[in-house]
Amino acid sequence: MINKPEILSPAGDMECLRSALDFGADAVFLAGKMFGMRSSPKNFDSGDLKKACDLAHSMGKKIHVTCNILPKNSELDALPGFLEYVQDCGADALIIADMGVLEAAKRYAPKVARHISTQAGVTNYAAANALYNLGASRVVLAREVPLSEIAEIRAKTPKELELECFVHGAMCVSFSGRCLISSYLTGRDANHGDCAQPCRWKYHLYEENREGQFFPVEETDGGTFLYNSRDMCMIEHIPELVRAGVSSFKIEGRAKSAYYVAVTTNAYRHALDDYFAEGENYTLKPWIKEELEKISHREYSTGFYFGEEPGQTTDNGGYIRHYDAVAVCEKSVDGTTSVISQRNKFYTGDTLDVLPPGGVPFNVKCVSLTNADGESVESAPHPTETLTMKSDLPVPAGSVLRKKRD
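Residues numbered from 1 in each chain as written. Predicted model: local features only at pLDDT ≥ 70, side-chain atom pairs only at ≥ 80, totals over all residues. Heavy atoms only, no water.

**Student:** Give a detailed account of the overall build of the protein, specifying residues and quantitative values.
**Tutor:** The helix and strand inventory of the protein stands at 10 helices and 19 strands. Relative to its 406 residues, the protein shows a buried fraction of 51%. Taking all contacts inside the protein whose residues are at least 6 apart in sequence as the whole, residues at least 24 apart take part in 66%. A total accessible area of about 18,400 Å² is found for the protein, and carbon and sulfur atoms account for 49% of it. (Helix = DSSP H or I, 4+ residues; strand = E, 2+ residues; numbered from the N terminus. Buried < 20%, exposed > 50% of the residue type's maximum accessible area, 1.4 Å probe, protein only. Contact = heavy atoms within 4.5 Å. Areas by Shrake-Rupley, 256 points an atom, 1.4 Å probe, with all protein chains shown as cover.)

Here it is in structure tokens:
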């Protein structure tokens, strides 16, 4: 019998956490204020982490806390207290990259499951078995491992050891994300969650005797991008991932928006559920694939899963963006009237694309907008402004409203 994989979604703050839970995540990975590999999100202080665990558990879902930096000697004194606090908050798992942290977690947070981070670079069954023997219940495999080798790892490791793999999101150009380019060029340590993403910068050659003259390594109108990896997208390969024995489908993006979390979580939730419902008759519904074109992303690839290099985006370092999230429905008042919180500007008369929690997208027309003073307005120009919207169809509470770019 094949076990149904978990959908594991990212959260950089409480809004993202709620999006992940509302749109179908089985578990959410996030960071406290220390020892996490993303310093740009707000992350979760002690009060928020307890609230996050309580909220997830009330919905029958789990919280995985990242403790995956490669710590320096000076940081180790704070580690026991952090691990104890994670356990006291009720976290379900710790995501760990460092062997010293693994030993400390066994001592100071023995009730919390230990997952080995992709930062550890696990690429074979011998390493997976060794980590299992050291107390790990799950390994997050290196993104460089092809599906054929994942299947072999699954076959040659204990069934109790879970295998987690990334299925969507940004990819680091370096092996298992262990990169020093940012440290060299900016002093910002990627292995402490502070990457400046120099792999996305434009690069040219400069010849010292030709002052002021720059030469592109490969001439394009937009510059030269030497290290700029495409984003991963495995939405078309759910059956292959399941058959390989993947236990958890991980979506990258703790520094990304609640909108991104909602769309990606909803897409993989529906695709996975459809596969288990339809079996051999499964086909990916077109709307699911289309959803992943409605978020900001770089060119997509399947990474190394099929034994090929992910490829580089050599003509730009930016994102493809066809839609803007313009509002979130706070509550449905009655029928076709709803209270919304604005995110980007839109107008009365616009056709909006609605993504309801756990549902299938549909279009509505914005018939009218009324501000907090009861005044009729033609547009929603102010960020996070609360408005009452009349539409031609009901909009469920929690829905994300998008507008296609011209």
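Here the narrative resumes, following the displayed structure.
**Student:** Would you mind going over unusual backbone geometry in detail, with residue names and values included?
**Tutor:** In this structure, Thr384 takes a positive phi of about 60 degrees despite not being glycine. Among the structural elements, Thr384 can be located in the loop between strand 17 (376-377) and strand 18 (386-391). Here Thr384 falls in the exposed class, since its relative accessible area comes to 54%.

**Student:** Outline the nonpolar core, supporting the account with residue identities and numerical values.
**Tutor:** The biggest cluster of nonpolar side chains holds 88 residues, and the ones touching the most others in it are Leu17, Leu30, Leu94, Ile150 and Tyr268. The element contributing the most residues to this core is helix 9 (residues 258-278), with 11 residues. Excluding its chain neighbours within four sequence positions, the residues that come into contact with Tyr268 are Ile7, Val167, His168, Cys233, Met234, Ile235, Ile238, Ile251 and Leu292. Among the nonpolar cores identified, the runner-up in size contains 16 residues, and Ile340, Val354, Val364 and Val377 belong to it. (Core = buried A, V, L, I, M, F, W, Y, C linked by side-chain atoms within 4.5 Å.)

**Student:** Go over the pattern of salt bridges with me, naming the residues and quoting the values.
**Tutor:** Enumeration over the complete set of coordinates arrives at 24 salt bridges. Among the salt bridges present, the one from Lys4 reaches Asp273, with a minimum N-O distance of 2.6 Å. Pair noted here: Lys4 is in the segment before strand 1 (6-10) and Asp273 is in helix 9, with a separation of 269 residues, a long-range link. Take Lys4: its relative accessible area is 42%, and that puts it in the partly exposed class. Exposure remark for Asp273: the relative accessible area of 28% places this residue in the partly exposed category. Among the ionic pairs, Glu164 bridges to Lys250, the shortest N-O distance being 3.0 Å. (Salt bridge = Lys/Arg side-chain N within 4 Å of Asp/Glu carboxyl O.)

**Student:** Please set out the side chain of Thr336 residue by residue, giving values where relevant.
**Tutor:** By secondary structure assignment, the location of Thr336 is in the loop between strand 13 (323-334) and strand 14 (337-342). When its relative accessible area of 19% is taken as the criterion, Thr336 is described as buried. Separated by 3.2 Å, the side chains of Thr336 and Lys390 make a polar contact. (Polar contact = N/O pair within 3.5 Å; in protein donor to acceptor, adjacent residues only side chain to side chain.)

**Student:** Could you give an account of helix 1 (residues 14-22), with specific residues and numbers?
**Tutor:** For helix 1, every residue scored as buried is listed here: Met14, Cys16, Leu17, Ser19, Ala20 and Leu21. Here the buried face of helix 1 lies against strand 1, strand 2 (27-31), helix 2 (46-58), strand 3 (62-67) and helix 9. Gly24 sits one or two positions beyond helix 1 and adopts a positive phi of about 115 degrees.

**Student:** So what's going on with the packing of aromatic side chains? Which residues, and what values?
**Tutor:** Under the counting rule described, the total for this entry stands at four aromatic pairs. Ring geometry for Phe35 versus Phe82: centroids 5.2 Å apart, planes at 45 degrees, classification tilted. Residue Phe35 is located in the loop between strand 2 and helix 2, and its partner Phe82 is located in helix 3 (residues 79-89); the two are separated by 47 residues in the primary sequence. Centre to centre, the rings of Tyr275 and Tyr282 are 5.4 Å apart; their planes meet at 85 degrees, and the pair counts as edge-to-face. Exposure class is identical for Tyr275 and Tyr282. Each is buried. Three or more aromatic residues link up through ring pairs in this structure, and these residues are Phe35, Phe82 and Tyr85. It is Arg143 that lies over the ring of Phe166; its NZ or CZ is 3.8 Å from the centre. It is Lys250 that lies over the ring of Phe29; its NZ or CZ is 4.5 Å from the centre. (Phe/Tyr/Trp six-rings, centres within 6.5 Å; stacked < 30°, edge-to-face > 60°. Lys NZ or Arg CZ within 6 Å of the ring centre and 35° of its normal.)

**Student:** Tell me about the pairing of strand 3, and please be specific about residues and values.
**Tutor:** Of all six residues in strand 3, five are buried, a share of seventy percent or more. Looking at chain direction, strand 2 and strand 3 are connected through five bridges and run parallel. In the strand pairing of strand 3, Ala27 is matched with Lys62. Note that strand 3 and strand 4 (residues 93-96) share four bridges and pair parallel. Bridge pairing in strand 4 links Cys67 to Ile96. Where the polypeptide runs from strand 3 across helix 3 and back to strand 4, its parallel neighbour, the crossover connection is right-handed. (Pairing = 2+ DSSP bridges. Right-handed = clockwise from strand over helix to strand, strands pointing away.)

**Student:** Before we move on, could you go through the environment of Ala25 and cite the residues and values that matter?
**Tutor:** As for its position among the elements, Ala25 is in the loop between helix 1 and strand 2. Taking C-alpha positions, Ala25 is 6.2 Å from Thr265, a pair spaced 240 residues apart along the chain. Apart from residues no more than four positions distant in its own chain, Ala25 is found in contact with Ile7, Ser9, Ala20, Lys61 and Thr265.

**Student:** Summarise the packing of helix 1 against helix 2; cite the residues concerned and give the values.
**Tutor:** Here helix 1 crosses helix 2 at 10 degrees, and the two axes come no closer than 11 Å. Overall, the two elements helix 1 and helix 2 adopt an arrangement that is roughly parallel. Taken together, the residues of helix 2 that come into contact with helix 1 (itself represented by Met14, Leu17, Arg18 and Leu21) are Asp48, Lys51, Ala52, Leu55 and Ala56. Residues belonging to the contact of helix 1 with helix 2 are distributed by class as follows: six nonpolar, no polar and three charged. (Axes fitted to C-alpha atoms, helices over the stretch in contact; angles between N-to-C directions. Parallel < 35°, antiparallel > 145°, perpendicular 65-115°, else oblique. Nonpolar A, V, L, I, M, F, W, Y, C, P; charged D, E, K, R; others polar.)

**Student:** Summarise helix 6 (residues 147-155); cite the residues concerned and give the values.
**Tutor:** Every α-helix winds through 3.6 residues per turn, so residues three or four apart in the chain are directed the same way. Within the sequence span of helix 6, burial applies to Leu147, Ile150, Ile153 and Arg154. Considered in projection along helix 6, the buried side chains sweep an arc of 110 degrees and stay on one side of the axis. Across from the buried face of helix 6, at angles greater than 90 degrees, the exposed residues are Ser148 and Ala155. (Arc of directions from axis to C-beta.)

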